[in-house]
Amino acid sequence: MAEEKRSEPTKKTIDPVVVEMLEKAQDEGVSTAFRRAEETKPCPIGHEGNCCKNCFMGPCRLVGKTTVGICGATKETVSARNLIRWIAAGAAAHSDHGRDMAHTLLAAATGEAPDYQIKDEKKLRAVAHYLDVPEEGRSKEEVAVDVAKVALGEFGRQEGELLYVRRAPAKRQEIWRKLGIVPRGIDREVVETLHRTHIGNDQDAEHILLHGLRNALADGWGGSMLSTDISDILFGTPGPVAASSNFGSLREDEVNVVIHGHEPTLSELIVAAASDPEIVEYAKSKGAKGINLSGICCTANEILMRQGVPLLGNFLAQELAILTGAIEAMVVDIQCIMQGIVEVAENYHTKIISTSPKAKIAGATHIEFDEHKAMEIAKSILRTAIDNFPNRGEVHIPDIQDRLVAGFSHEYIAYMLGGSLRESFRPLNDAIMAGRIRGAAGVVGCNNPRVTHDDPHLYIVKELIKNDVLVVTTGCNAIACAKQGLLTPEVMDHCGPGLREVCQAIGIPPVLHMGSCVDNTRILTVVAQSATEGGLGEDISDLPVAGFAPEWMSEKAISIGVYFVASGVTTWMGVGSPVAGSAEVTRMITEGWKEKVGAAFYFEPDHRKAVEEALAHIDAKRKALKLEEYSPTKYAQSKTYLPGDYYAPEKHGAYSLK
Ligand code: BF8
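Here the structure is a predicted model, which means the values were calculated and not measured. (Residues numbered from 1 in each chain as written. Predicted model: local features only at pLDDT ≥ 70, side-chain atom pairs only at ≥ 80, totals over all residues. Heavy atoms only, no water.)

Some words on the overall build of the chain
And step 1. Across its full length, the chain holds 25 helices and 16 strands.
And step 2. Relative to the 2.2 N^0.38 estimate, which gives 26 Å for 658 residues, the radius of gyration of the chain is 24 Å and therefore close to what a compact globule would have.
And step 3. Projecting the C-alpha coordinates of the chain onto the three principal axes gives extents of approximately 70 × 65 × 60 Å.
And step 4. Counting all 658 residues of the chain, 61% fall into the buried class.
And step 5. When contacts within the chain are restricted to residue pairs at least 6 apart in sequence, long-range pairs at least 24 apart make up 76% of them.
And step 6. Summed over all atoms, the accessible surface of the chain reaches about 24800 Å², with 51% contributed by carbon and sulfur.
And step 7. With 70 positive and 88 negative side-chain charges, the chain shows a spacing of 3 Å between the two charge centroids. (Helix = DSSP H or I, 4+ residues; strand = E, 2+ residues; numbered from the N terminus. Rg over C-alpha atoms; globule rule 2.2 N^0.38 Å. Buried < 20%, exposed > 50% of the residue type's maximum accessible area, 1.4 Å probe, protein only. Contact = heavy atoms within 4.5 Å. Areas by Shrake-Rupley, 256 points an atom, 1.4 Å probe, with all protein chains shown as cover. Lys, Arg positive; Asp, Glu negative; His and termini not counted. Charge placed at Lys NZ, Arg CZ, Asp CG, Glu CD.)

The structure is reproduced here in C-alpha cells:
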C-alpha cells in the first residue's frame, strides 16, 4: 500500500457508497479524482479567467501589475474570450452528439442501419412539423429521411435562423432578433466563436459575450434539442419507469457491464443484446447467472429513461465503480470519461472498452462502433465482457441501493397534468398562480471534486421542495437525487404543503427526472410552453423559475447555463467563477444580461446563499406577475389529515422494484 496521509472521506462526499469506496482506494493505494484534486490545486490565474493562451506571444498572465497581455488585450477581453470558448466547446460537444443522432436516423430510415427502427412515429411527425417537413400521406420512413436531412442541414446552415427558434415564445424570439443573437447555423456559431477569439479579432467584451449568447442558443435550441428529439424518435419518448440506483445494483453472480458516456445509439443496442438468449447462454457457460447492466453519467440517464436500467453513479463514481472488482467491462463512448479509469482498471480485472471513432483511450480495448452493424458489435462487446468473468478476483459491492422513478419527458408531463384528451401545462400554471407551487427550478449538471460530492446538489433540491418549488433535474444532479431516494413519490412528505398537494393529486415525485444533459432542452420546452399557456406573463423571463448547476465542471455545463440565461432563466452556477478576475465581465453577465435578455448568470460558490437568492428571485417574479404573495401556510393545513391517512402507498406497488 502506498504511503500516504489518510484523508477524511466524509468531507469529500455525502454518498456512503463513495465514502466506503474511497476508504478502499486509500487502503489499496489507488489514485482517484478525489485524491488528485487534493494533490493538484487549481492554477489561481487560470481559475479566475486571467490567463490568455490564444497565441504564442504568451501565455499572458494578467495578475499584479500586469493588466494587459502582449497584444494589449485587457482583462475584460481575455475573460470574455475565455468564457465564450467554453461555450463553443460545450455547444460543439452536445451538437456533434446531435449530428450523430441525425446520421443514425437517416441510416435507419434508408435501411442502411437495420438494427434501428423508428420507435416513436408520433414524435417523428411532430418533429417534422417543426422542421417544415411534409408528413401527411407519407410513410414514416419517407418522413424520417427528410427530417434527418433537414436536421443535418441545421448544422451547416449559413443564413437565416435555426428552425427550432420558432419553438420559443414570440416575445423571446423578438428579444433575440432585436439583439441580433438568433443562431444562424449550429456549426457556424461555434466556428465564429473560435474566429472571434483568435488573436487580434473581437476585442469588445460586451460584443464578445453577445456572440456567446448566440452560440449557446445554437446548442440549446439547435444541436441539443435535435439530439433529444431524434433519440426519442429512434428509441421512444420516455414515460415513467421504476428502477434502482447506486453500487448495490451490481450483482455478484452476474456479468456486470457498465455503460458510460453519452450517446444512446450503442447503449440501446447493448441493452437489447443483453437479453438475447444466445448471449445469456454464453454468460451461463462461463459460470455467470446472466448479464447485469448499469450506467454511469448521461448514458445511464438515457438507458434509465427508456429502459429502466439502474443508475450506478454519477461522474465522480466512475473510477470507484471499478474498485468493486465486480465489473467485467466498462463500455465508454464520448464525453466525461476520465482517462484515470484505465489506470484504476489495471488493478482489477475490468476491461475498459472504448467504442467511439472520436474517442480512443491509451490502454483501453477499442471495439469501434458502427451503426451499420450495431447489433453485431454490441454482441461482440458483451462476449468480451463475458470472457472476462472467470478472471474476477475478490469482489466488494457496497450493499446500498435506492429506488427511483424517472422518465418525465415534457410530453409525459403535459399528459400527466392534462390527461390524454387535453395534454397541457395549464394545471401547472394554475398551481403556480394559486401559490400551491411557489415556482419551479431546474437543478442540473456535473460533479466537481472541488466541492463535497453531491452535497450542494442535494442541499439545493431539498431546500427547494421544502419551499414549495417543483424541481426538474437532469444529468449528474438527477443521479445524485436518485441515490438519496429523492426521485420517489414518498419524498412528497418532505416538501412544502402546497407542492405536496399537487404531487399527491397527480401521483408524482416533487423532483422530476427529465433525462441526460442534452435533455435539458426538455426543460426549455416546458418553460416555453408554460410561458405561452397563459397566466404567467408572455415570456420565459416572466416565469417564477430558476436554474442551478451546483457542482459544474464541464464546458457543456457553461453552454447549458448560458442558453438558459439567453432563454430568460436566471441561473446560479456553484463551485466558483471562471470570470472572477474581471469585475466588469461579472457585471456584464449578471446585471448586463438581465437588462439584455431578462436573466442573469451568477456564479455563487455558497449553495445556501444561492438558494436564498433564487427563492427571492422567484418571489419577485411572482410579485411582478401580480400573483398572490406566496405563503407556506396557505395550503394543506388541516390537522386531521396526515399523509397516508387515506391511502397506503406500499399497497399500491406501482413504483416498487421488480
Ligand atoms: O453531460 S452532468 S459530468 S455526465 S457534463 Fe458530464 Fe456534467 Fe455529468 Fe452528462 Ni453533463
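Considerations on the site of the ligand
And step 1. Neighbouring residues of the ligand: His262, Cys297, Cys298, Phe315, Cys336, Gly445, Cys446, Cys476, Cys517, Met553, Ser554 and Lys556.
And step 2. Here His262 contributes a side-chain N or O atom positioned 2.7 Å from an oxygen atom of the ligand.
And step 3. For the ligand, an oxygen atom lies 2.8 Å from a polar atom in the side chain of Lys556.
And step 4. Of the residues in the shell around the ligand, the class split is eight nonpolar, three polar and one charged. (Near = heavy atom within 4 Å. Polar contact = N/O pair within 3.5 Å; in protein donor to acceptor, adjacent residues only side chain to side chain. Nonpolar A, V, L, I, M, F, W, Y, C, P; charged D, E, K, R; others polar.)

Considerations on the nonpolar core
And step 1. Ranked by size, the top nonpolar core spans 173 residues in total, and within it Ile291, Leu464 and Phe548 carry the most contacts.
And step 2. For Phe548, the residues in contact, after removing those within four places along its chain, are Ala441, Gly442, Val443, Val444, Ile460, Leu464, Thr571, Trp572, Ala610, Val611 and Ala614.
And step 3. Ranked by size, the runner-up nonpolar core spans 34 residues in total, among them Met21, Ala33, Ile296 and Val332. (Core = buried A, V, L, I, M, F, W, Y, C linked by side-chain atoms within 4.5 Å.)

Brief notes about the coordination of the nickel atom of the ligand
And step 1. Protein coordination of the nickel atom of the ligand rests on one atom only, Cys517 (SG), at 2.2 Å.
And step 2. For the nickel atom of the ligand, the four donor atoms in the first shell make angles of 92 to 160° at the metal, so the coordination geometry reads as irregular.
And step 3. Structurally, Cys517 can be placed in the loop between strand 13 (511-515) and helix 21 (520-533). (Donors = N, O, S within 2.8 Å, 3.2 Å for Na, K, Ca; no water. Tetrahedral: all angles 85-135°; square planar, octahedral: opposite > 155°, others 65-115°.)

Here we look at the packing of aromatic side chains
And step 1. For the structure shown, the criterion picks out twelve aromatic pairs.
And step 2. For the pair Phe601 and Phe603, a centre-to-centre distance of 4.9 Å together with 65° between the ring planes defines the contact as edge-to-face. Note on accessibility: Phe601 and Phe603 belong to one class, buried.
And step 3. Each member of the aromatic cluster is reached from another via a ring pair, and the members are Trp86, Trp552, Trp593, Phe601 and Phe603. (Phe/Tyr/Trp six-rings, centres within 6.5 Å; stacked < 30°, edge-to-face > 60°.)

Some details on the environment of Ile397
And step 1. Following the sequence through the fold, Ile397 ends up in the loop between helix 15 (374-388) and strand 10 (402-406).
And step 2. Along the primary structure Ile397 and Pro510 are separated by 113 residues, whereas in three dimensions their C-alpha atoms are 30 Å apart.

Focus on the pattern of salt bridges
Any two side chains of opposite charge can pair, so long as their charged atoms come close to each other.
And step 1. Summed over the entire model, instances satisfying the criterion amount to 51 salt bridges.
And step 2. Here Arg167 makes a salt bridge to Asp229, at a shortest N to O gap of 2.9 Å. Placement of the pair is Arg167 in the loop between helix 6 (140-156) and helix 7 (170-179) and Asp229 in helix 9 (residues 205-235), with a sequence separation of 62 residues.
And step 3. When its relative accessible area of 14% is taken as the criterion, Arg167 is described as buried.
And step 4. Since its relative accessible area comes to 2%, Asp229 is described here as buried.
And step 5. Through salt bridges with shared partners, a single network forms among Lys123, Arg167, Asp229, Asp232, Glu302, Arg306, Glu411, Asp519 and Arg522. (Salt bridge = Lys/Arg side-chain N within 4 Å of Asp/Glu carboxyl O.)

Description of helix 22 (residues 555-566)
And step 1. For helix 22, built from twelve residues, the straight-helix expectation of 16 Å at 1.5 Å per residue is met to within 8% by its first-to-last C-alpha distance of 16 Å.
And step 2. With eleven of its twelve residues buried, helix 22 lies for the most part within the structure.
And step 3. Listing the buried residues of helix 22 in full gives Lys556, Ala557, Ile558, Ser559, Ile560, Gly561, Val562, Tyr563, Phe564, Val565 and Ala566.
And step 4. Once helix 22 ends, the next one or two residues include Gly568, with phi positive near 110°. (Expected span 1.5 Å × (residues − 1).)

Looking at the confidence of the model for the chain
And step 1. Across the chain, the average pLDDT comes to 94, with 95% of residues at or above 70.
And step 2. Low pLDDT, under 50, characterises residues 1-7; the predicted model gives this stretch 15 contacts beyond four residues in sequence or across chains.
And step 3. Every residue in residues 646-658 scores below 50 in pLDDT, and together they form twelve contacts with partners more than four places removed in sequence or on other chains. (pLDDT = per-residue confidence, 0-100.)

Some thoughts on the side chain of Ser554
And step 1. Take Ser554: it is sitting in the loop between strand 14 (545-549) and helix 22.
And step 2. Among the polar contacts made by the side chain of Ser554, one reaches the main-chain amide nitrogen of Ala557 at a distance of 3.1 Å.
And step 3. Apart from residues lying up to four places away in sequence, Ser554 is in contact with Trp86 and Cys446.

Considering the packing of helix 4 (residues 75-110) against helix 8 (residues 186-196)
The axes of two packed helices give the description: the angle between them and the distance between them.
And step 1. At a minimum axis separation of 9 Å, helix 4 and helix 8 run at an interaxial angle of 155°. Regarding the angle of helix 4 to helix 8, the classification is roughly antiparallel. Here helix 4 runs over helix 8; the crossing is left-handed. For the pair helix 4 and helix 8, the contacting residues are Ile84, Arg85, Ala88, Ala91, Ala92, Ser95 and Arg99 in the first and Ile186, Asp187, Val190, Thr193 and Leu194 in the second.
And step 2. A breakdown of the residues in the contact of helix 4 with helix 8 according to their chemical character gives seven nonpolar, two polar and three charged. (Axes fitted to C-alpha atoms, helices over the stretch in contact; angles between N-to-C directions. Parallel < 35°, antiparallel > 145°, perpendicular 65-115°, else oblique. Left-handed = near helix turned anticlockwise from the far one by under 90°.)

Remarks on helix 7
Helical periodicity: at 3.6 residues per turn, an α-helix aligns residues three or four positions apart in one direction.
And step 1. If you check which residues of helix 7 are buried, you get Arg172, Gln173 and Trp176. Viewed along the axis of helix 7, the buried residues span an arc of 100°, placing them on a single side of the element. Structural note: helix 7 exposes Ala170, Glu174 and Lys178 on the side pointing more than 90 degrees away from its buried face.
And step 2. Tucked inside the fold, the buried residues of helix 7 contact helix 9, helix 22 and helix 23 (583-597).
And step 3. Following helix 7 by one or two positions, Gly180 has its phi on the positive side, about 70°. (Arc of directions from axis to C-beta.)

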